[in-house]
Amino acid sequence: MSIVTRFAPSPTGFMHIGNLRTALYSYLLSKSKDGKFILRIEDTDQVRLVEGATDVIIKTLEMTGIDYDEGPGVGGDHGPYIQSERLPIYKEYAEKLVESGHAYYCFCTAERLESLKDENGIGGYDGHCRDLSKEEIEKNLAAGIPYVIRQKMPLEGSTSYTDMVYGEVTIENAELRDQIMIKADGYPTYNFCHVVDDYLMGVTHVVRGNEYLTSTPKYCLLYDAFGWERPTYVHLPLLMGKDDEGNVSKLSKRHGAVSFQDLVNNGYLPEAIVNYIALLGWSPKDTNEEFFTMDELKKVFSMEGLSKSPAVFDYEKLRWFNSEYIKKLPEESYEEKALPILTELCPKGINIKKLGALLHTRIATFAEIKDQIGFVVERLPMEEDLYTNKKNKTTPEICKEILEGCLPMLEGVSDWSNDTLFASLKQFAEDTERKAGAVMWAVRVAVARQAVTPGGATELMEVFGKEESIERIKFAIEEL
RNA sequence: GGCCUGUUGGUCAAGUGGUUAAGACGUCGCCCUCUCACGGCGAAAACAGGGGUUCGAAUCCCCUACGGGUCACCA
């Protein structure tokens, strides 16, 4: 039997990175076995619904290379794939369960339900309408009293299932509440409709976050009540974040950017994001390799590599992955991304291409370009301390001499390239019996006015061009 | 609080009764070098605690501690 998995998000906002990871694992599980992957939109909560959220989900899957065989937009034999378009189906199946005695009408008011809770807001339904007589139900229905349909849980015994990650999980049935299947507004709840959909869509492996680990027996009972074969469950450890005090908790906004789009906007590459999150909660067998393309992941992914414990999302490591991906980018693709940013920021006359090349190994995200080139964009204020360098034994005075000395020579250079400039300055150092390092230091600092720069003296001069370079050096001499 | 579940360096994570307990990020040091980055080399750093089982436990069992999840007309 071939594997069918699905990703079933609610369109309630942006694509959380934890959700994306769930989608990825679900996708990989089916694709590693040549199976099918379905996208289903779970929009039964009309209150939390956010306009445009479905588009964000689809766009994210597209950008990350998680392609689905069935779903909104692409169709399939089991549609529609948006739950709000499947309402009659749920109603029909709910009624079946009422008829077979596995579900019942409940007329309890919101106030009554509220009164059942303790001071912590904990406490659920008490089964008040569980055994209403037929007459009573008819009477309430006729009177137009709002109702919900609840699943009738067994009062005794226990329910077990085997999770592919956590092993056998057993819950006492007494722990189970008679949960609502159909809400008063006629919409089904997740608890009910996802089971119906998974069955109807032929889903064989349910991959989801481990917050569902303890409610899964309820869903198993639903399958049993319908006489359907239960799917295989694969619950994933949660993704955590760490706050400034070092406390871990479910990854959320206060830990930083948590949506895929935020990360992309911050200059991270989709490939790097996918690669990194693939390794958060899963690791490949028989290899220490950490770099994987989507195609490679499809080949090496297996459930045995899934871990049970929650993983802390580490922005540092993501950053490292991203820098590696940037370094691996072929020149053309790198320039395609970097050059527009540089063009926008830099004044005319700057050799954008050369500057981009210098930055290639020096940025971890494309957003960092801006931080690196402030000294190019404008002439920074003079700081005399910069001219003092212990290793090269330079002082402001010495630097002034060096600059005055090499200026005429530089003005005579016609081939303003890194190689020529480097050779010329080296020669100048030799002629004046100075260390090359000292000369380079003086020139670099004069041109950049910054201690740490992405590139050496001659590389920067090449970026600035002859005119700007000479001008900056003259300016430095005057100030010293 | 009840129930479920987890716990290997700061973080990710290999390990399925016998290992000097991998590897990666980060940190630190050295080398390379026109500063930085890249690259190369190296170092520090872990089996939550306590009982068992066993000739032998990170690995199996129990207890404790701590973490997380869940107890909705949210998913």
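Residues numbered from 1 in each chain as written. Chains lettered and ligands numbered in written order. Predicted model: local features only at pLDDT ≥ 70, side-chain atom pairs only at ≥ 80, totals over all residues. Heavy atoms only, no water.

(A) Expanded view of the layout of surface pockets. As a volume, the largest pocket reaches approximately 900 Å³. Of all elements in the fold, only strand E1 (4–7), helix H1 (17–31) and strand E8 (205–209) reach the threshold of two or more residues within the lining of the largest pocket. Broken down by element, the residue count for the lining of the largest pocket peaks at four residues, all from H1. Split by residue class, the lining of the largest pocket holds 15 nonpolar, ten polar and ten charged. Every element with two or more residues in the lining of the second largest pocket is listed here: strand E3 (103–106) and helix H5 (134–142). Of the residues belonging to the lining of the second largest pocket, the class tally is seven nonpolar, one polar and five charged. (1 Å grid on protein atoms, 1.4 Å probe; cavity = no way out; pocket = protein on both sides within 12 Å on 5 of 7 lines; lining within 4 Å. Points joined across faces, edges and corners; volume = space filled by probe spheres on them. Helix = DSSP H or I, 4+ residues; strand = E, 2+ residues; numbered from the N terminus. Nonpolar A, V, L, I, M, F, W, Y, C, P; charged D, E, K, R; others polar.)

(B) Summary view of the nonpolar core. Phe192, Phe313, Leu403 and Val443 are the most contacted members of the largest nonpolar core, which has 144 residues in total. No other element matches the ten residues that helix H18 (residues 436–448) contributes to this core. If we ignore the near neighbours within four places in the chain, the residues touching Phe192 are Tyr90, Tyr93, Ala94, Leu97, Met181, Ile182, Leu222 and Phe226. (Core = buried A, V, L, I, M, F, W, Y, C linked by side-chain atoms within 4.5 Å. Buried < 20%, exposed > 50% of the residue type's maximum accessible area, 1.4 Å probe, protein only. Contact = heavy atoms within 4.5 Å.)

(C) Summary view of the sheet that holds strand E11 (residues 248–250). Strand order in the open sheet made by the three strands is E11-E10-E12, with mixed pairing throughout. Every other strand in the sheet has two partners, leaving E11 and strand E12 (311–312) as the edge strands with one partner each. In the sheet, strand E10 (residues 239–242) pairs with E11 via three bridges, with the strands oriented antiparallel. The partner of Gly241 across the bridge, within E11, is Ser249. (Pairing = 2+ DSSP bridges.)

(D) Geometry of the protein's contact with RNA strand B. Around RNA strand B lies a shell of 67 residues, among which Lys183, Glu290, Thr361, Arg362 and Gly455 are the nearest. Each atom of RNA strand B within 4 Å of the protein was classed as base or backbone; sugar and phosphate made up 68%. Interatomic distance of 3.5 Å between a backbone N/O atom of Cys108 and a base nitrogen of RNA strand B. Take the surface near RNA strand B: its biggest share by element is five residues, from helix H11 (residues 315–328). Here the residues of the surface near RNA strand B sort into 27 nonpolar, 20 polar and 20 charged. (Near = heavy atom within 4 Å. Polar contact = N/O pair within 3.5 Å; in protein donor to acceptor, adjacent residues only side chain to side chain.)

(E) Seen up close, the sheet that holds strand E4 (residues 148–151). Strand order in the open sheet formed by three strands is E3-E4-E7, with antiparallel pairing between adjacent strands. The open sheet is flanked by E3 and strand E7 (180–182), the only strands paired with a single partner. Taken pair by pair, the neighbouring strands of this sheet meet at an average axis angle of 40 degrees, ignoring direction. Strand direction decides the pairing type here: E3 and E4, joined by four bridges, are antiparallel. (Axes fitted to C-alpha atoms, helices over the stretch in contact; angles between N-to-C directions.)

(F) Quick peek at the environment of Leu49. Relative to the assigned elements, Leu49 resides in the loop between strand E2 (36–39) and helix H2 (53–64). Overall, the relative accessible area of 39% leaves Leu49 in the partly exposed class. Measuring from C-alpha to C-alpha, the distance between Leu49 and Trp282 comes to 31 Å, with 233 residues separating the pair along the chain. Other than its neighbours up to four places away in sequence, Leu49 contacts Pro11 and Asp43.

(G) Structural detail: the environment of Arg112. For Arg112, the location among the structural elements is in helix H4 (residues 110–115). Separated by 13 residues in the primary sequence, Arg112 and Tyr125 place their C-alpha atoms 9.3 Å from one another. With sequence-adjacent residues up to four places away left out, Arg112 is seen in contact with Tyr125, Asp126 and His128.

(H) The arrangement of the packing of aromatic side chains in detail. A full pass over the atoms with the stated rule returns 23 aromatic pairs. Ring geometry for Phe226 versus Trp228: centroids 4.0 Å apart, planes at 10 degrees, classification stacked. Taken individually, Phe226 and Trp228 each receive the classification buried, so the pair is uniform in this respect. Between Trp282 and Phe292, the ring centres sit 6.3 Å apart and the planes meet at 65 degrees, which makes this aromatic pair edge-to-face. Linking Trp282 in the loop between helix H9 (270–278) and helix H10 (294–300) with Phe292 in the loop between H9 and H10, this pair joins segments that are ten residues apart in sequence. Its relative accessible area of 7% is what places Phe292 among the buried residues. These aromatic residues form a ring-pair network of at least three members: Tyr276, Phe291, Phe313, Tyr315, Trp320, Phe321 and Tyr325. The ring of Phe475 is capped by Arg379, whose NZ or CZ atom sits 5.6 Å from the centre of that ring. (Phe/Tyr/Trp six-rings, centres within 6.5 Å; stacked < 30°, edge-to-face > 60°. Lys NZ or Arg CZ within 6 Å of the ring centre and 35° of its normal.)

(I) Representation of helix H6 (residues 190–200) in the model. Residues of H6 that are buried: Phe192, Cys193, His194, Val195, Val196, Asp197 and Asp198. Those residues of H6 that are buried are in contact with E1, helix H3 (87–99), E7, E8 and helix H7 (216–226). Backbone geometry just after H6 places Gly202 at a positive phi near 75 degrees.

(J) Layout of helix H20 (residues 466–479). In this model, H20 (14 residues) spans 20 Å end to end at C-alpha, consistent with the 20 Å of a helix rising 1.5 Å per residue. Of the positions making up H20, those classed as buried are Ser469, Ile470, Arg472, Ile473, Ala476 and Ile477. The buried residues of H20 occupy an angular sector of 160 degrees when projected down its axis, which confines them to one face. Turned more than 90 degrees away from the buried face of H20, the exposed residues are Glu467 and Glu478. (Expected span 1.5 Å × (residues − 1). Arc of directions from axis to C-beta.)

(K) Main features of the pattern of salt bridges. Enumeration according to the criterion identifies 26 salt bridges in this entry. The shortest N-O distance in the salt bridge between Arg40 and Asp198 comes to 2.9 Å. Taken together, the positions of Arg40 in the loop between E2 and H2 and Asp198 in helix H6 put the pair 158 residues apart, joining distant regions of the chain. Across the pair, exposure class does not vary: Arg40 and Asp198 are buried alike. The residue Asp126 makes a salt bridge to Arg112 at a minimum N-O spacing of 2.6 Å. Of the two residues, Asp126 sits in the loop between H4 and H5 while Arg112 sits in helix H4, which places them 14 residues apart along the sequence. For Asp126, a relative accessible area of 45% corresponds to the partly exposed category. Note on Arg112: relative accessible area 22%, which makes it partly exposed. The network of salt bridges with shared partners includes Arg6, Arg40, Glu42, Arg86, Asp197 and Asp198. (Salt bridge = Lys/Arg side-chain N within 4 Å of Asp/Glu carboxyl O.)

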